[in-house]
Amino acid sequence: MTLDSFDAALFAREVFRESNRVRERHQLPKLRADPRLDAAADEQATMMALQAHIDHRNPRPGLDRAIDRVLHQGVETQLVIENVARTNLRERVDDGWRRRTYAQLAAVLVQQWMDSPPHRASLLHREITHLGVAAHASLIPPTQEDVFAAQVFARLELER
């Protein structure tokens, strides 16, 4: 995979799957997908890629915090948690760089979150029910091949 051929939707699905694999290993229920949470995550991943900067804040009016972005998508909930991260499409190996597959990249990204106590707590939060994921590639600076990703967790009423 290269930055030019990066499929953000495919990568987001892999991050979603890997997140649920981690939750299962910790005896937690799988999270459900919600396209509105994907859209809220996409808002943040897009802004981070444009700015080449990881941040939970968003400079767009009315979209500053994760809860603002979720409410903007028409989701009513009291519990919203967000994880954001940046990782590279390639990994350093003895003889230079090696490109990662989507599954490898998702595993690396989720592991980054698991290695950070606050992000780990978000991913393993017992009260969340749904997850939205988005990612965008960035060539800023031009020599980098970074991917900016956001997870938006929420507790939504489950349909009966």
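Structural data are supplied above this passage.
What you are looking at is a predicted structure, and each value in this text was computed from that prediction instead of being measured.

### Details of the pattern of salt bridges
Link 1 in the chain: Evaluation of the coordinates by the stated rule reveals eight salt bridges.
Link 2 in the chain: Two residues, Asp34 and Arg36, come together in a salt bridge whose shortest N-O distance is 2.9 Å.
Link 3 in the chain: Residue classification places Asp34 among the buried residues on the basis of a relative accessible area of 8%.
Link 4 in the chain: Taking relative accessible area as the criterion, Arg36 reaches 33% and is therefore assigned partly exposed.
Link 5 in the chain: One salt bridge connects Arg69 with Glu82, and the closest N-O pair in it is separated by 2.8 Å. One end of the pair, Arg69, is in helix H3 (residues 66-72); the other, Glu82, is in strand S2 (residues 80-88), with 13 residues separating them in the sequence.
Link 6 in the chain: Residue class for Glu82 comes out buried when judged on its relative accessible area of 8%.

### Comments concerning the sheet that holds strand S5 (residues 130-138)
Link 1 in the chain: Strand order in this open sheet of four strands is S1-S5-S6-S2, and the pairing throughout is mixed. The open sheet has two free edges, formed respectively by strand S1 (32-33) and S2, since each of these has just one partner strand.
Link 2 in the chain: Here S5 runs beside strand S6 (residues 146-154); their pairing, made up of nine bridges, is antiparallel. In the sheet register, Ser138 faces S6, and the bridge partner there is Asp146.
Link 3 in the chain: Sitting on the sheet, helix H2 (residues 35-51) is in contact with S1, S2, S5 and S6, with an inclination near 25 degrees to S5.
Link 4 in the chain: The sheet strands contacting helix H4 (residues 102-114) are S2 and S6, and the helix crosses S2 at an angle near 125 degrees.

What counts as what
- In every chain, residue numbers begin from 1 and rise along the written sequence.
- Reporting of local features is limited, given that this is a predicted model, to residues whose pLDDT is at least 70; pairs of side-chain atoms are given and counted only at 80 or more, and all residues count toward the totals for whole chains, interfaces and linings.
- Note that water and hydrogens are dropped before the side-chain values are worked out from all heavy atoms of the structure.
- Counted as salt bridges are all cases of a side-chain nitrogen of Lys or Arg within 4 Å of a carboxyl oxygen of Asp or Glu.
- The cut-offs for exposure are 20% and 50% of the maximum accessible area for each residue type, with area from a 1.4 Å probe on protein chains only; residues under the lower value are buried, those over the upper are exposed, and the others partly exposed.
- Counting from the N terminus, the helices are the DSSP runs of H or I reaching at least four residues and the strands are the DSSP runs of E reaching at least two.
- Pairing between strands is defined by DSSP: at least two bridges between the two strands are required.
- In what follows, residue pairs with any heavy atoms lying within 4.5 Å of each other are defined as contacts.
- In this description, a line fitted to the C-alpha atoms serves as the axis of each element, helices being fitted only across the stretch in contact, and the angle between N-to-C directions of two axes falls anywhere from 0 to 180 degrees.

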